[in-house]
Amino acid sequence: MAFDVSIIKGKTIYDLVHANVGECVRIVKEAYLAHGAGHTVNPDSYFLRFPDKPHSRIIALPAFLGPESGVAGIKWIGSFPDNIRQGFPRASAVLVLNDYATGYPFAILESSIISAARTAGSAVLAAEWLNNQERRTPTLGIVGNGLIARYVYRFLLATGWSIDHVRLFDTSPAGAQAFAATIVNADAHRSVEVAADLPSLLRESSVVVLTTTAGTPHILDPDLFSHNPIVLHLSLRDLSPDILRGAHNVVDDVEHVMKANTSPHLLEQAVGHRRFVTGTLAELVTGRCTVDRSKPAIFSPFGLGVLDLAVGKWVYDEAVAAGQDLRLTDFFYDMTR
């Protein structure tokens with residue numbers, strides 16, 4: 001039996017994802033539905049923290065996509081916010097895919113792109129289903145103008161969203177200006193502006209994307225959402241519990257999101273229950289829960305390892321079929337039992 005290992009480089013993954021955004025979103029949707037149906041195994045994430053670097057961490061996300069997939073694996077992703085000050089992304093990651101029959105790894109993939117793609121896929125999927133399956137919004141507000149924001153914006157456009165106005169805000173005004181100049185397609189919108197302040201962006205936006213590095217809530221006033229927008233709360237710790245208390249709350253997995261002092265976790269600690277959760281994204285897609293626009297609709301995804309596995313396996317299959325993997329035939333060497 002051969003135990004080859006394929007290495008898939010970031011450039012290969014980037015090209016495959018951006019050439020097939022719609023398919024990537026479909027893969028994410030199918031993974032959510034498989035997870036919602038109980039076909040997957042997605043243990044708790046494991047956090048490695050550092051006493052002298054409290055804002056940094058490396059997280060292990062093990063997962064099993066189900067017997068029919070034939071794949072298990074783990075994502076190992078570092079989050080070091082100080083990287084941003086040095087001009088490169090905070091997150092770096094690798095994904096290891098294991099064969100379900102033998103347990104042997106068969107692929108190692110650069111995974112910061114896979115992680116960004118699966119996050120963007122879940123965001124645009126949630127946006128569509130929270131918006132009555134319509135791909136249109138008057139004003140998109142993006143708070144935190146980094147790599148994840150870039151992927152979410154590009155996935156929205158690639159999946160056919162019509163967006164009249166784009167508003168941007170970042171704690172680095174230069175970062176927001178650069179995002180407006182180099183990422184946003186001005187021809188696709190009636191206007192593109194860097195907001196003067198965060199409250200004005202929130203009040204103007206019908207869809208809000210939160211992709212910050214905040215460790216504690218910094219958006220505190222529920223009145224900022226009195227116009228009942230859709231909020232893609234991807235960074236998980238931006239919103240005060242009071243804001244969530246007055247909203248429809250959709251999550252990816254109830255157990256997973258209620259930890260590590262996410263905003264939903266803080267609300268659970270404050271009220272002693274989880275009844276404020278309207279449902280999961282899988283339940284929304286399958287009609288087991290519904291969301292109206294009588295109050296804000298907030299999507300808070302903790303991030304599931306099964307999504308990384310699903311996107312990673314799809315990328316692996318495409319790369320191998322195109323001969324774009326680096327194949328190691330002697331990675332496992334001493335194979336005598």
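About the criteria used
- Residues numbered from 1 in each chain as written.
- Predicted model: local features only at pLDDT ≥ 70, side-chain atom pairs only at ≥ 80, totals over all residues.
- Heavy atoms only, no water.
- Helix = DSSP H or I, 4+ residues; strand = E, 2+ residues; numbered from the N terminus.
- Rg over C-alpha atoms; globule rule 2.2 N^0.38 Å.
- Buried < 20%, exposed > 50% of the residue type's maximum accessible area, 1.4 Å probe, protein only.
- Contact = heavy atoms within 4.5 Å.
- Lys, Arg positive; Asp, Glu negative; His and termini not counted.
- Charge placed at Lys NZ, Arg CZ, Asp CG, Glu CD.
- Phe/Tyr/Trp six-rings, centres within 6.5 Å; stacked < 30°, edge-to-face > 60°.
- Lys NZ or Arg CZ within 6 Å of the ring centre and 35° of its normal.
- Expected span 1.5 Å × (residues − 1).
- Axes fitted to C-alpha atoms, helices over the stretch in contact; angles between N-to-C directions.
- Parallel < 35°, antiparallel > 145°, perpendicular 65-115°, else oblique.
- Nonpolar A, V, L, I, M, F, W, Y, C, P; charged D, E, K, R; others polar.
- Left-handed = near helix turned anticlockwise from the far one by under 90°.
- Pairing = 2+ DSSP bridges.
- 1 Å grid on protein atoms, 1.4 Å probe; cavity = no way out; pocket = protein on both sides within 12 Å on 5 of 7 lines; lining within 4 Å.
- Points joined across faces, edges and corners; volume = space filled by probe spheres on them.

K.L.:
Help me understand the overall build of the protein chain in this model?
P.N.:
Each helix and strand counted, the protein chain has 11 helices and 15 strands in total. Radius of gyration (C-alpha) of the protein chain: 20 Å, near the 20 Å computed for a compact globule of 337 residues. In terms of principal-axis extent, the alpha carbons of the protein chain reach across some 65 × 45 × 45 Å. Among the 337 residues that make up the protein chain, the fraction classed as buried is 53%. Relative to all contacts within the protein chain whose residues are 6 or more apart in sequence, the contacts with residues 24 or more apart total 69%. Separation of charge centres in the protein chain, based on 29 positive and 34 negative side chains, amounts to 2 Å.

K.L.:
Got a minute to help me understand the environment of Lys53 in this structure?
P.N.:
Take Lys53: it is sitting in strand β3 (residues 53–64). Taking relative accessible area as the criterion, Lys53 reaches 35% and is therefore assigned partly exposed. Considering only alpha carbons, one finds Lys53 and Asp82, 29 residues apart in sequence, at a separation of 9.7 Å.

K.L.:
Could you clarify how one ought to interpret the packing of aromatic side chains in this entry?
P.N.:
Both the distance between ring centres and the angle between the ring planes are used here to describe each pair of aromatic rings. The final tally for this structure, using the stated rule, is 8 aromatic pairs. Between Tyr151 and Phe155, the aromatic rings sit 6.4 Å apart at their centres with planes inclined by 40 degrees, giving tilted as the arrangement. Highlighted residues: Tyr151 and Phe155, both in helix α4 (residues 147–158), separated by 4 residues, approximately one helical turn. Note on Tyr151: relative accessible area 3%, which makes it buried. Since its relative accessible area comes to 0%, Phe155 is described here as buried. Ring-pair connections join several aromatic residues into one group, and the members of that group are Phe3, Tyr104, Phe331 and Phe332. Taking NZ or CZ as reference, Lys259 lies 5.6 Å from the ring centre of Phe302, over its face.

K.L.:
Explain helix α11 (residues 305–321) to me, please; I cannot follow it from the model alone.
P.N.:
Note: α-helices contain 3.6 residues per turn, so residues at a spacing of three or four share the same orientation. With 17 residues, α11 extends 24 Å between its outermost C-alpha atoms, agreeing within 8% with the 24 Å of an ideal straight helix rising 1.5 Å per residue. Counting buried residues along α11, 12 of its 17 residues qualify, which places the element largely inside the surrounding structure. Of the positions making up α11, those classed as buried are Gly305, Val306, Leu307, Asp308, Leu309, Ala310, Val311, Gly312, Trp314, Val315, Tyr316 and Ala319. Among the residues trailing α11, Gly323 stands out with phi positive, at a value near 70 degrees.

K.L.:
Where do I start with the packing of helix α1 (residues 10–19) against helix α3 (residues 112–130) in this structure?
P.N.:
In a pair of packed helices, the angle between the axes and the distance between the axes together describe the arrangement. For the pair α1 and α3, the least separation of the axes is 9 Å and the interaxial angle reads 20 degrees. Judged on the interaxial angle alone, α3 and α1 are roughly parallel. Contacts between α1 and α3 involve Gly10, Ile13, Tyr14 and Val17 from the former and Ile113, Ile114 and Ala117 from the latter. By residue class, the composition of the contact of α1 with α3 is 6 nonpolar, 1 polar and no charged.

K.L.:
Would you mind showing me how to read the packing of helix α2 (residues 21–36) against α11 here?
P.N.:
Put simply, α2 and α11 touch, their axes get as near as 9 Å, and they point 135 degrees apart. As summarised for this structure, α2 and α11 are arranged oblique, according to the angle between their axes. Helix-helix and strand crossings are classified by hand; for α2 and α11 the assignment is right-handed. For the pair α2 and α11, the contacting residues are Glu23, Cys24, Ile27, Val28, Ala31, Tyr32 and His35 in the first and Val306, Leu307, Ala310, Val311 and Trp314 in the second. Tallied by class, residues from the contact of α2 with α11 come to 10 nonpolar, 1 polar and 1 charged.

K.L.:
What am I meant to see in the sheet that holds strand β14 (residues 297–300) here?
P.N.:
Backbone hydrogen bonds hold the strands of a sheet together, and the pairing may be parallel or antiparallel. Across the sheet, which stays open at both edges, the 8 strands sit in the order β9-β8-β7-β10-β11-β14-β12-β13 with parallel pairing between neighbours. Of all the strands in the sheet, the pair left with one neighbour each is β9 (191–194) and β13 (277–280). When strand polarity is set aside, the average angle formed by the axes of neighbouring strands in this sheet is 20 degrees. Pairing of strand β11 (residues 230–233) with β14, which is carried by 3 bridges, proceeds in the parallel orientation. By the bridge assignment for β14, Leu232 is matched with Phe299.

K.L.:
In this structure, what is going on with the layout of surface pockets? I would like to understand it.
P.N.:
Approximately 310 Å³ is the volume attributed to the second largest pocket. The wall of the second largest pocket is formed by 16 residues, among which Glu30, Ala34, Leu65, Glu68 and Ser69 lie closest to the centre. Elements with a minimum of two residues in the lining of the second largest pocket: α2 and α11. Residue contributions to the lining of the second largest pocket peak at 5 residues, all from α2. Split by residue class, the lining of the second largest pocket holds 8 nonpolar, 3 polar and 5 charged.

Interpretation note: all reported values are geometric properties and have no functional meaning in isolation.
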